[in-house]
Amino acid sequence: MSNHVYKLLELTGSSPTSSDDAVLRAIAKASESVRNIQWFEVTETRGHVIDGKVAHWQVTIKAGFTLED
């Protein structure tokens, strides 16, 4: 296993569809400008309720990426 140094980003994705979709959106958007994203950890999940139903999801993640040599 090679030695790596990781940096963490904290991101919050949102979606009207699901918590999984909120995570996917956050990672996809970050991947547009950050290379080498290797893993993520969900740190918080919350949502917005309208008329007794979940209307919107927000998921905060920590995403780790390797620093380039």
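My aim in this report is to walk through the structure given alongside it, one point at a time.

What counts as what
Residues numbered from 1 in each chain as written. Predicted model: local features only at pLDDT ≥ 70, side-chain atom pairs only at ≥ 80, totals over all residues. Heavy atoms only, no water. Patch = residues over 30% accessible without salt bridge, like charges linked within 9 Å, V, L, I, M, F, W, Y side chains within 5 Å. Areas by Shrake-Rupley, 256 points an atom, 1.4 Å probe, with all protein chains shown as cover. Salt bridge = Lys/Arg side-chain N within 4 Å of Asp/Glu carboxyl O. Helix = DSSP H or I, 4+ residues; strand = E, 2+ residues; numbered from the N terminus. Polar contact = N/O pair within 3.5 Å; in protein donor to acceptor, adjacent residues only side chain to side chain. Pairing = 2+ DSSP bridges. Buried < 20%, exposed > 50% of the residue type's maximum accessible area, 1.4 Å probe, protein only. Expected span 1.5 Å × (residues − 1). Contact = heavy atoms within 4.5 Å.

The grouping of Y6, L8 and W39 at the surface amounts to a nonpolar patch, some 300 Å² of accessible area in total. Of note, L8 is situated in strand β1 (residues 6–15).

Counting through the fold element by element, S31 comes out in helix α1 (residues 19–31). Within polar-contact distance, the side chain of S31 engages the backbone oxygen of I27 at 2.9 Å.

This paragraph deals with the pairing of strand β2 (residues 37–50). Where β2 lies against strand β3 (residues 53–66), twelve bridges are found, and the strand directions are antiparallel. Among the inter-strand pairings, G47 is bridged to a residue of β3, identified as W57. Where β2 hands over to β3, the hairpin turn is made up of two residues, of which D51 adopts a positive phi near 50 degrees.

Bringing the pattern of salt bridges into the picture now. Two side chains carrying opposite charge are able to pair once their charged atoms lie near each other. Evaluated as defined, the whole model comprises four salt bridges. Of the charged contacts in the structure, one is a salt bridge between K29 and E32, with a shortest N-O distance of 3.2 Å. E32 matches K29 in its accessibility class, with the two residues each being exposed. Residue E68 pairs with R35 through a salt bridge whose shortest N-O separation is 2.8 Å. Placement of E68 in the segment after β3 and of R35 in the loop between α1 and β2 is noted, with a sequence separation of 33 residues between them. Summarising the burial analysis for this pair, E68 and R35 share the class exposed.

All right, on to α1 then. Its 13 residues give α1 an end-to-end C-alpha distance of 19 Å, which sits within 8% of 18 Å, the value for a rise of 1.5 Å per residue. By the burial criterion, the buried members of α1 are D21, A22, V23, A26 and A30. Contacts from the buried residues of α1 go to β1, β2 and β3. Of the residues flanking the start of α1, the one acting as N-cap is S18, its side-chain oxygen 3.5 Å from the backbone nitrogen of D20.

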